[in-house]
Amino acid sequence: MAQDATHIPKVGAFVLETLTTGMYTNALDALREYVQNSFDSIQNASRTKALPRGAGRIDITIDDKKKELKIRDNGLGIPAVDVLPRLINIGMSAKTIADSAGFRGIGRLAGIAYCQRLIFRTRAHGEREIHEVTFRCDDIRKSMSPAKLQTEEVADVLLQYTESKSQKTNHSDAFFEVTMHGIVSEEQIFLDWQRIEGYLAQVAPVKFDTNSFPRTGDIYSWLRGRSILLPEISLVIHAGAVRQEVFKPYRKLSYKTKQQNLPINVKGIRFYPENATPESPFWLWYADTNLPGMFGDDSVGGFRLRKNNIALGMDERMAEIFAEVSDSSARFNSYFIGEIHVQHSGTIPNARRDGFEDNTAWTGIRQELVTFARERSKEIRECSKDRNMAVEKVLRPVEKQIEEADRKRVIGFASKDERESFGLALDKSLDRLKRAKSGERSSEEASRLEDARKRLVQTRETLDTVPFIAQKLNTSLDRKQRRIIAEILELLHQVLDSDSFERARNAISSKYSLKAESPKESANKR
């Protein structure tokens with residue numbers, strides 16, 4: 001295409017509307033952008049040893065009288081020579097995708113839509129000047145309004161309505177501070193510390209509350225065992241007399257379902273993949289529960305995608321992945337609580353930070369997550385089936401297994417493989433009993449299920465004491481003959497169906513065994 005050297009492309013101020021109000025679905029997403037930038041600065045300070053690892057801190061101060069909100073961090077700050085280029089230029093960030101949560105250079109503009117003045121103050125590590133840049137947001141919003149008859153260039157608008165100044169100081173500690181002054185009347189949410197805490201608890205790279213969520217130790221222990229680092233910062237909200245540290249929203253072991261108000265109990269923490277490493281594309285944790293229904297607490301319900309421990313959207317992204325299993329499975333995401341931490345350096349958060357850009361790295365992870373969602377959906381359906389199953393139908397196979405175990409004590413197992421297979425079958429029945437008991441049951445039904453569970457546990461615990469058939473063969477047989485019969489039984493167990501094998505084993509046992517005690521006598525010994 002022919003180029004006209006005399007024509008220089010221009011960008012109208014309307015683009016600022018797209019980069020502010022048009023970029024985010026939730027006004028508090030602007031706050032996430034500033035926390036994310038502070039997090040990057042703290043991480044850089046830790047990497048360069050300017051700040052001890054774990055000492056990173058972000059303070060959010062709300063002044064209701066001034067209609068003002070401040071976000072301040074103790075990261076590296078911005079060197080004097082970089083202050084204006086970094087804060088006024090658009091889309092020219094020097095950050096890299098691999099090392100930073102934010103890298104597009106547009107997030108700092110988010111606050112323009114919600115306050116009268118947006119003020120940035122900073123001092124770099126070792127410097128003794130504080131530099132300040134102020135955006136006059138009221139004037140900028142007027143310039144980017146579609147109602148304005150004449151379009152202005154975005155560069156002209158930013159230069160016209162931006163001010164900067166510096167001041168000497170005796171201190172040299174680094175910081176970066178954002179002040180949203182004169183919060184507009186439509187966005188009083190920025191002055192509500194409880195709503196801010198609830199939002200940041202879900203999206204910010206904060207810590208688990210070890211006091212209220214006892215399973216936190218399981219997560220940290222699992223991570224340490226695999227040398228996986230979970231980046232975290234301290235984040236504290238100040239609002240008048242209130243001083244509230246923000247933690248992740250997982251703070252208890254008992255919840256209720258959204259419908260019917262059924263109890264959901266967190267029994268433990270499960271991980272996937274279990275053999276994850278720092279090089280794995282992703283890892284995740286989720287609560288092991290009785291899966292009775294969707295979590296009623298929207299602040300925790302559903303798997304949440306995260307990169308650098310910062311959320312990408314809420315639970316809607318994983319609901320979409322569950323929907324790929326089947327349309328009816330989409331709701332199953334809300335049966336769980338957990339986090340998916342994406343580690344692959346090739347995954348790129350989209351501009352809105354509500355998901356990942358579609359590329360090879362994310363496509364591979366997404367496919368594996370669909371497989372994971374399919375397994376969880378199957379688990380939910382099996383649990384539901386077991387809970388709704390009539391008590392007699394649940395107990396009948398359990399009674400048969402206990403009777404079969406008593407019979408094994410008389411004639412013995414054919415091999416270690418058979419004993420292990422039988423043990424796995426008992427484990428599955430124990431899980432089925434637990435799920436059946438978690439449904440709505442009368443006290444009599446619950447008592448019968450619990451009694452069966454205890455008997456099955458006792459059967460399972462004594463399984464290793466059951467001898468092998470070869471140990472019960474007639475003493476007139478020599479060792480070689482015993483071994484041959486044992487090997488024959490092992491082969492028969494591998495190639496015959498269960499009924500045919502039982503007939504063959506009974507025939508061999510009848511011909512070669514010593515007189516054995518009855519199943520009743522064997523049961524009485526337990």
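In this text, all values refer to a predicted model and were calculated from it rather than measured experimentally. (Residues numbered from 1 in each chain as written. Predicted model: local features only at pLDDT ≥ 70, side-chain atom pairs only at ≥ 80, totals over all residues. Heavy atoms only, no water.)

A.B. asks: Hey, could you run me through the packing of helix α9 (residues 360-388) against helix α11 (residues 416-437) in this one?
C.D. replies: Helix-helix packing is characterised by the crossing angle of the two axes and by the distance between the axes. Two elements in contact, α9 and α11, have axes whose closest approach is 7 Å; the angle formed by their N-to-C orientations is 70°. As far as their axial angle goes, α11 and α9 are roughly perpendicular. Where α9 crosses over α11, the handedness of that crossing is right-handed. Between α9 and α11, the contacting residues are E382, C383, D386 and R387 on the first element and R432, R435 and A436 on the second. (Axes fitted to C-alpha atoms, helices over the stretch in contact; angles between N-to-C directions. Helix = DSSP H or I, 4+ residues; strand = E, 2+ residues; numbered from the N terminus. Parallel < 35°, antiparallel > 145°, perpendicular 65-115°, else oblique. Left-handed = near helix turned anticlockwise from the far one by under 90°. Contact = heavy atoms within 4.5 Å.)

A.B. asks: Mind showing me how you'd approach helix α15 (residues 498-512) here?
C.D. replies: Since the α-helix packs 3.6 residues into each turn, any two residues three or four apart lie on the same face. Compared with the 21 Å implied by 1.5 Å per residue over 15 residues, the 21 Å span of α15 between its first and last C-alpha is a close match. Considered for burial, the residues of α15 that qualify are S500, F501, E502, R505, I508 and S509. With a side-chain oxygen positioned 2.9 Å from the backbone nitrogen of S500, the residue opening α15 is D497. (Expected span 1.5 Å × (residues − 1). Buried < 20%, exposed > 50% of the residue type's maximum accessible area, 1.4 Å probe, protein only. Polar contact = N/O pair within 3.5 Å; in protein donor to acceptor, adjacent residues only side chain to side chain.)

A.B. asks: Which parts of the structure should I look at to understand unusual backbone geometry?
C.D. replies: With the exception of glycine, most residues fall at negative phi, and the peptide bonds are largely trans. Here Y272 and P273 are connected by a cis peptide whose omega angle stands at -15°. Positive phi, close to 70°, is recorded for Q260, a residue that is not glycine. The topology assignment puts Q260 in the loop between β9 (254-256) and β10 (263-265). Its identity as a non-glycine residue notwithstanding, R353 has a phi of 55°, on the positive side. Relative to the assigned elements, R353 resides in the loop between β15 (337-342) and α9.

A.B. asks: I'm lost on the packing of aromatic side chains in this one. Help?
C.D. replies: For any pair of aromatic rings, geometry is given as the distance between the ring centres together with the angle between the planes. Evaluated as defined, the whole model comprises 26 aromatic pairs. A ring pair is formed by F208 and W285, whose centres lie 5.9 Å apart and whose planes are at 65°; its orientation type is edge-to-face. With F208 in the loop between α6 (193-203) and α7 (216-225) and W285 in strand β12 (residues 282-288), this pair connects stretches of sequence that are 77 residues apart. Each member of the pair, F208 together with W285, is buried. Seen from their ring centres, F332 and Y335 are 5.2 Å apart, and the 85° between their planes marks the pair as edge-to-face. (Phe/Tyr/Trp six-rings, centres within 6.5 Å; stacked < 30°, edge-to-face > 60°.)

A.B. asks: Explanation requested: the nonpolar core in the structure shown.
C.D. replies: The nonpolar side chains of a soluble globular protein tend to be buried, and buried together. Grouped together as the largest cluster of nonpolar side chains are 55 residues, with contacts concentrated most on I60, L69, L118, M180, F190, L200 and L235. In terms of residue count, helix α2 (residues 29-47) provides more of this core than any other element does, seven residues in total. Apart from the residues lying within four places of it in its own chain, the contact partners of L118 are Y34, R108, G111, I112, V133, T134, F135, C137, V178, T179 and M180. Membership of the second largest hydrophobic core comes to 25 residues, among which are Y272, M318, F336 and I380. (Core = buried A, V, L, I, M, F, W, Y, C linked by side-chain atoms within 4.5 Å.)

A.B. asks: Sorry, what's going on with the packing of helix α14 (residues 479-495) against α15 here?
C.D. replies: As a packed pair, α14 and α15 sit with axes 10 Å apart at the nearest point and diverge in direction by 165°. Comparing their axes, α15 and α14 come out roughly antiparallel. The crossing of α14 and α15 is left-handed. Side by side, α14 and α15 meet where I485, L489, L492 and H493 of the first sit next to F501, A504, R505, I508 and Y512 of the second. Split by residue class, the contact of α14 with α15 holds seven nonpolar, one polar and one charged. (Nonpolar A, V, L, I, M, F, W, Y, C, P; charged D, E, K, R; others polar.)

A.B. asks: Any chance you could explain the sheet that holds strand β13 (residues 302-307) here in plain terms?
C.D. replies: Strands belonging to one sheet form pairs held by backbone hydrogen bonds; the direction of such a pair is parallel or antiparallel. The strand order β11-β12-β15-β13-β14 describes an open sheet built from five strands, whose pairing is mixed. Edge strands, defined here as strands with exactly one partner in the open sheet, are β11 (268-272) and β14 (310-311). Bridging between β12 and β15 involves five bridges; their strand directions are antiparallel. When the bridges of β15 are listed, F282 appears paired with V342. Across the sheet, α7 lies against β11 and β12, angled at about 30° from β11, the strand it touches most. (Pairing = 2+ DSSP bridges.)

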